[in-house]
Every structure is written in C-alpha cells, then in structure tokens.
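Structural characterization, general
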Amino acid sequence: MNVFSYGGGVQSTAALVLAATGRIDFPVFLFANVGDDSEDPATLDYLEQYAKPYAALHGIQLHELHRVRRDGTRETLYGRLTRPGSRSLPIPVRMSNGAPGTRSCTADFKIRVIGKWLKAHGASADTPATVGIGISLDEIERVNNRRAMPYEQPTYPLLDHDPPLRRHDCQQIIRAAGLPVPPKSACWFCPFRRPSTWAETRRDRPELFARACALEDLLNARRGVLGKDPVYLTRFNQPLATAITAAQHMLPGFDPTDNDALCDNRACFT
Ligand code: SF4
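Residues numbered from 1 in each chain as written. Predicted model: local features only at pLDDT ≥ 70, side-chain atom pairs only at ≥ 80, totals over all residues.

1. Brief notes about helix H4 (residues 105-120)
If you check H4, its first and last C-alpha atoms are 22 Å apart, about what 16 residues at 1.5 Å a residue would give, namely 22 Å. Along H4, the helix axis deviates most sharply at Ile 111, where the bend reaches about 30°. Taken residue by residue, H4 has Cys 105, Thr 106, Phe 109, Lys 110, Ile 111, Val 113, Ile 114 and Leu 118 as its buried positions. At the exit of H4 stands Gly 122, carrying a positive phi of roughly 105°. (Helix = DSSP H or I, 4+ residues; strand = E, 2+ residues; numbered from the N terminus. Expected span 1.5 Å × (residues − 1). Bend = angle between axes of the 7 residues up to and from the residue. Buried ≥ 20, exposed ≤ 12 C-beta atoms within 10 Å, placed from the backbone.)

2. Focus on the sheet that holds strand E7 (residues 152-155)
Ordered in space as E3-E2-E1-E6-E7, the five strands form an open sheet in which the pairing is parallel. The open sheet has two edge strands, strand E3 (61-65) and E7, and neither has a second partner. Between one strand axis and the next, the sheet turns by 30° as a mean value, whatever way the strands run. H4 contacts strand E1 (2-5), strand E2 (28-32), E3, strand E6 (129-133) and E7 of the sheet and is inclined by roughly 140° relative to E2. (Pairing = 2+ DSSP bridges. Axes fitted to C-alpha atoms, helices over the stretch in contact; angles between N-to-C directions. Contact = placed C-beta atoms within 7 Å.)

3. Brief notes about the environment of Arg 23
Following the sequence through the fold, Arg 23 ends up in the loop between helix H1 (10-20) and E2. Sequence spacing of Arg 23 and Val 93 is 70 residues, and the spatial spacing of their C-alpha atoms is 39 Å.

4. Remarks on the confidence of the model for the protein
Confidence along the protein averages 90 in pLDDT terms, with 90% of residues attaining 70 or more. Confidence drops under pLDDT 50 across residues 254-262; counting only partners more than four residues distant or on other chains, this segment forms 15 contacts. (pLDDT = per-residue confidence, 0-100.)

5. Notes on the packing of H1 against helix H7 (residues 167-176)
As a packed pair, H1 and H7 sit with axes 8 Å apart at the nearest point and diverge in direction by 50°. In this view, H1 runs oblique relative to H7, as classed from their interaxial angle. Of the two elements, H1 crosses H7, and the hand of that crossing is left-handed. Facing H1, whose interface residues are Val 10, Gln 11, Thr 13, Ala 14, Val 17 and Leu 18, H7 presents Arg 167, Cys 170, Gln 171, Ile 173 and Ile 174. When the residues that make up the contact of H1 with H7 are grouped by side-chain class, the tally is seven nonpolar, three polar and one charged. (Parallel < 35°, antiparallel > 145°, perpendicular 65-115°, else oblique. Left-handed = near helix turned anticlockwise from the far one by under 90°. Nonpolar A, V, L, I, M, F, W, Y, C, P; charged D, E, K, R; others polar.)

6. Concerning the nonpolar core
Core analysis: the biggest nonpolar cluster contains 60 residues, and Val 3, Ala 14, Ala 15, Leu 16, Phe 29 and Leu 30 have the highest contact counts within it. The biggest single contributor to this core is H1, with seven residues. Those residues in contact with Phe 29 that sit more than four places away from it in its chain are Phe 4, Tyr 6, Leu 16, Ala 55, Ile 60, Gln 61 and Leu 62. (Core = buried A, V, L, I, M, F, W, Y, C linked by C-beta atoms within 7 Å.)

In structure tokens:
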C-alpha cells in the first residue's frame, strides 16, 4: 500500500501533481482534517476548489479523514480546546520563556486518524504501508523528528527526487500543472505560526485574528481559575493582540529565516 500524507500545503500539493502525472507512485492521498472549525479556512477552500477536483481528474484517491469518537461523533481540535470545563491543552502553546509546551494535537488528530485508516486497509507491522511525507530539501531536518509507527514505512519522495526538491521547486511544479499555489496549511490558532503569518492574518483576516485572540483569552481565563501561569499563541510572552501588529511591521527579534511553521504539509506530523 502506497499512500501519501497530504497536508494541503505547498509540498504535498506538489507531490499530488507528481503522482497525478505519473512521476511518483502514490495512488492514494490522505488528508487528516483536524476540524472544519480548526483548519485554516483557506486550506479547506483550496482542498475543495482545487486539490479534490484535480485528484479526481487524474485518478488519484484523495480521502479526507476525521477524528471520530467511540460513539461515532466527530471530534475537532477546536472543539476539544473550547469544551466547557475542559482542562485539556492539546496544542503547543508558548510558555513564559517562549518555548512550546507539549502537544497531543498531532498525535490525536493526525497520526492516529491516519493510522486507523491504514490499519483498516491492511497495514500492520508485518505488512507496513509505505507513507509518503512531503518534506522538501529546505526543511530536511524535520525528517529526523519523525518517528515511524510500526504499521508504516515513511518515505520522502521530494527528497528522493533527482535533484531533491526545494519549496520553490514545489511551487513551480504546482503552477506548471495549472494550479494556484496553496496557502500554508496549519490550524488557524497554531502557536507554531510565524510572527509574519500572524501579522498577515491580522491585516488580511481580522475576524480570524480576533478569534485567535479570543481563544487565547479563554485558555488563560481557565488557567487563571486553576492558579496557573498564562500561556500564549506566540513566543513573546504577551497576548496575541499586543504581540502582533498588522501587516509588515515586524517585531524586534523577528527572524525571517525562522522556519518553525511546523504544520505546513503535515510537518507537525513529525
Ligand atoms: S497545526 Fe499546530 S495546532 Fe494544529 S495540529 Fe498541527 S501542531 Fe497542532
């Protein structure tokens, strides 16, 4: 079984084009949707408008998967975060020193969801599925972060490509296929988002930015009741609304080469 872990971002969309045009052998793409209320709306739009129709046109199966509870209902990451009375903090919120806290979102809403599908379709420790991951040369260090599950054999078609592909190459492959380049894919509230991405969100999508501020407030109101320190969605040890100014006004200390937007193309899968 050859499947590709599709994240809806640049690298995995380039892989979709490579598969659709017979340059790599992945007939099945799996998109673990962490929630329609959690994924960046622009990613979901791209999925519906471009990725699914393109895949269908080229005979590629693109399955959208969701986390389903035992009672059959769907659970979303935003739903888990905001459930009344919840103490759960599954996303990598930034602690007062700016470091990300531990997270369970990737494991619960992506790895297990995809693993369940793979096992239901025959993957096992004896017959592991080959799972393509969309990591490009400019983020090669992420390969080492990824622990393989017993039922899978990870493979990196963009790195195995001759020559290995960079993000820029991926963009060219997508454009050459007549598709627009997708936006970065990650939850709209992900604390791994870069300051520049938050600044663009504040400028271009103020309602979404306001929702992220409200979520941060909710998490901290709950922590306050429990007597715990506040946590933040950025590394600046202050609320999003004051840490991030709109548009191009970058914060002191912002490093444009910082590449920690970990969920682009399911890289938070690592
Ligand atoms: S994008 Fe961020 S918040 Fe969403 S699943 Fe990945 S690490 Fe968690």
